[in-house]
Amino acid sequence: MRAVRFVGVGHPPRIEDVPRPSPRPGQVVVRIGGAGVCHSDLHVMEEDLGFKPPFTLGHENAGWVAELGEGVTGFKEGDAVAVYGPWGCGRCHACQLSMENYCENWAEIEGFGGGLGLDGGMAEYMLVPAARLLVPLGNLSPVKAAPLSDAALTPYHAIKRALPHLNADSTAVVLGVGGLGHMAIQLLRVLAPVRIVAADVDDSKLAQAKALGADDIINNRNVDEAADRIQHIAGPRGAGLVLDCVGVQPTVDLGARLLGRNSVWTIVGLGGGHHDFHHGSTPYGTSMSIPYWGSRVELMEVIAMAREGRIHAETTDFPLTQAVEVYDRLKAGQIAGRAVLVPSGA
C-alpha cells in the first residue's frame, strides 16, 4: 500500500510502498478515509524531536474498521471510527481517566502516537494498537471527521479548562485562524457566552473567522496596532482568555499585552515563542497553560457536537499522492482550515 513516510529530520516526506498491517490480539486495522495535515508534522520533519525514522505520518485519522485482532469486542468490520491520537500506556492514573495525552509513563513508549514516532494514517490502512483508541463516528463522514481528532480536540480541551474564568462580560481572543483557530472560534461560540476576537495576519482567514462566529476580527501583522484595537474592545477587564494557536514570538508578545486580571493564557501553537515570566510580567491571577491534545472522552464530546451540526471542520481534500505539495502549501500559509489527504478508493 502507498504511505507518506517521515524519512529523517531535514528531509521532505516520501511516498513509498509499505506492507499492509495485520492485527495482533487486541489490535485493529482501520481503512483510512482521511488524514488531516497538521503543522505539527512540519515540526516532526524539521526538528529533532527524538523520533526514529522511518514511519508513516498522519496523526489526525478517521476511517472504517477493516480487520479486528483476536479478542477485540465492541466494534465490527465497516464501523466508521476516529482514531484517538495520543497513545499512552493504558494503565496509569491519567490513562485510566482517558487522558492518555498526559500519560505518566510516556517516556517508556516508543512514540507519542500514530504519526508521531509510530505509523500513522497517511496510508490506505493503519494499525491501531488497542480498541480503546477508537471512537465511533456514527453518520459522520471520516473524511470530514479526521481533523476533529486534533484540530478540534486540542482547542476544546484548552477552552474547557478556561470555562470557570469566562462569563457573559468576558472577551476571548483567538490568535491564529488556521486548523486549530477556526475550530476554536466555533467551540467558543458553542461553549461560552463571550465576545470572540480573532486575530491573524491573513485577511482571507479573518473573513473565514467572521463567518464562523467571531464578533471582531483584527489583522495583527502590526502587533502594536493590534494590541491597541483589542484592548479597546476588551475594555478595562482585559481578555479573560487568550488562546494562542500559533505560538510564534509576535503572538506570544501580543497575548501578554491583552490579558486581564484573573485570566487564562493558553498557548497551543508550537511556534517556539517564549515569555519572560516573573512577578509583574502578567496581571495578578493569570493562569498560564500549555495543554497537550485532549482526553479520549473529550474526543467523544467533540464528535457528538459535530454529529449535531454545532461544529464542523472546514476542509480541503487532496489525493494522498499530493502530500509533498500539500505540505509545501501548508508551510507557505496557503491552506485555509484543514487539508485532508484521502487515499484512492476511500
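Refer to the structure presented above.
Values in this document were obtained by computation on a predicted structure and should not be read as measured data.

Conventions and cut-offs
- Residues numbered from 1 in each chain as written.
- Predicted model: local features only at pLDDT ≥ 70, side-chain atom pairs only at ≥ 80, totals over all residues.
- Heavy atoms only, no water.
- Helix = DSSP H or I, 4+ residues; strand = E, 2+ residues; numbered from the N terminus.
- Pairing = 2+ DSSP bridges.
- Axes fitted to C-alpha atoms, helices over the stretch in contact; angles between N-to-C directions.
- Contact = heavy atoms within 4.5 Å.
- Buried < 20%, exposed > 50% of the residue type's maximum accessible area, 1.4 Å probe, protein only.
- Right-handed = clockwise from strand over helix to strand, strands pointing away.
- Core = buried A, V, L, I, M, F, W, Y, C linked by side-chain atoms within 4.5 Å.
- Phe/Tyr/Trp six-rings, centres within 6.5 Å; stacked < 30°, edge-to-face > 60°.
- Lys NZ or Arg CZ within 6 Å of the ring centre and 35° of its normal.
- Patch = residues over 30% accessible without salt bridge, like charges linked within 9 Å, V, L, I, M, F, W, Y side chains within 5 Å.
- Areas by Shrake-Rupley, 256 points an atom, 1.4 Å probe, with all protein chains shown as cover.
- Salt bridge = Lys/Arg side-chain N within 4 Å of Asp/Glu carboxyl O.

Describing the environment of Val-297
Logical step 1: Looking at the element boundaries, Val-297 is found in helix 9 (residues 296–307).
Logical step 2: Linking Val-297 and Gly-115, residues 182 residues apart in sequence, is a C-alpha distance of 21 Å.

A few points about the sheet that holds strand 14 (residues 239–244)
Logical step 1: The 6 strands are arranged 13-12-11-14-15-16 in an open sheet whose pairing can be described as parallel. Lying at the two open borders of the sheet, with one neighbouring strand each, are strand 13 (216–219) and strand 16 (287–289). Neighbour-to-neighbour, the strand axes of the sheet open up by a mean angle of 15 degrees, direction not taken into account.
Logical step 2: Across the sheet, helix 5 (residues 179–191) touches strand 11 (171–175), strand 12 (195–200) and strand 14, and the angle it forms with strand 11 is around 165 degrees.
Logical step 3: The sheet contacts of helix 6 (residues 203–212) involve strand 12 and strand 13, and relative to strand 13 the element is tilted by about 170 degrees.

Topic: the pairing of strand 11
Logical step 1: With 5 of its 5 residues buried, strand 11 lies for the most part within the structure.
Logical step 2: Burial along strand 11 is two-sided: Thr-171, Val-173 and Leu-175 facing one way and Ala-172 and Val-174 facing the other are all buried.
Logical step 3: Pairing analysis gives 5 bridges linking strand 11 to strand 12, with the strands arranged parallel. When the sheet's bridge partners are listed, Ala-172 is paired in strand 12 with Ile-196.
Logical step 4: After leaving strand 11, the chain enters helix 5 and then returns to the sheet as strand 12, a path that is right-handed.
Logical step 5: Summarising the sheet, strand 11 and strand 14 pair through 4 bridges and their orientation is parallel. Its bridge partner being in strand 14, Val-174 is matched across the sheet by Leu-243.

Quick notes on the nonpolar core
Logical step 1: Residues Leu-57, Met-122, Leu-134, Leu-148, Ile-185 and Leu-341 are the most contacted members of the largest nonpolar core, which totals 83 residues.
Logical step 2: Sorting elements by how many residues they give to this core places helix 5 first, with 6 residues.
Logical step 3: Grouped together as the second largest cluster of nonpolar side chains are 17 residues, Ala-227, Val-242, Leu-258 and Ile-267 included.

Looking at helix 1 (residues 39–46)
Logical step 1: Burial analysis of helix 1 places 6 of its 8 residues in the buried class, which makes it a mostly covered element.
Logical step 2: Buried within helix 1 we find Ser-40, Asp-41, Leu-42, His-43, Val-44 and Met-45.
Logical step 3: The inward-facing, buried residues of helix 1 contact strand 1 (2–6), strand 3 (28–37), strand 4 (55–56) and helix 10 (323–331).

Description of the packing of aromatic side chains
Logical step 1: Overall, the coordinates contain 5 aromatic pairs when judged by the stated rule.
Logical step 2: Each ring, one from Phe-6 and one from Phe-55, has its centre 5.0 Å from the other, and the planes form 45 degrees; the classification is tilted. Remark: Phe-55 occurs in strand 4 and Phe-6 occurs in strand 1; sequence separation between them is 49 residues.
Logical step 3: Relative accessible area serves as the criterion here: at 2%, Phe-6 is assigned to the buried category.
Logical step 4: For the pair Trp-106 and Phe-112, a centre-to-centre distance of 6.3 Å together with 75 degrees between the ring planes defines the contact as edge-to-face.
Logical step 5: On the accessibility criterion, Phe-112 (34% relative accessible area) is partly exposed.
Logical step 6: In this structure an aromatic cluster arises from ring pairing among Phe-6, Phe-51, Phe-55, Trp-106 and Phe-112.
Logical step 7: Cation over ring: Arg-20 sits above Tyr-125, and NZ or CZ is 4.0 Å from the ring centre.

Looking at the sheet that holds strand 1
Logical step 1: Here we have 3 strands laid out as an open sheet, ordered 2-1-4, and antiparallel in their pairing. One side of each edge strand has no neighbouring strand; the edge strands of this open sheet are strand 2 (14–17) and strand 4.

Here's the deal with unusual backbone geometry
Most peptide bonds adopt trans geometry, and most residues besides glycine take a negative phi value.
Logical step 1: In this chain, Pro-53 is followed by Pro-54 through a cis amide linkage whose omega measures -5 degrees.
Logical step 2: One non-glycine residue with positive phi stands out, namely Asn-262, at about 55 degrees.
Logical step 3: What makes Asn-262 partly exposed here is its relative accessible area of 49%.
Logical step 4: For Trp-293, which is not glycine, the phi torsion reads 55 degrees and is therefore positive.
Logical step 5: Position of Trp-293 relative to the elements: it lies in the loop between strand 16 and helix 9.
Logical step 6: The class for Trp-293 is buried, based on a relative accessible area of 4%.

Describing a nonpolar patch on the surface
Logical step 1: On the surface, Trp-106, Phe-112 and Tyr-292 cluster together into a nonpolar patch covering about 310 Å² of accessible area.
Logical step 2: With respect to the helices, strands and loops of the structure, Trp-106 is situated in the loop between helix 2 (93–96) and strand 7 (113–114).
Logical step 3: According to the relative accessible area criterion, Trp-106 is exposed, its value standing at 52%.

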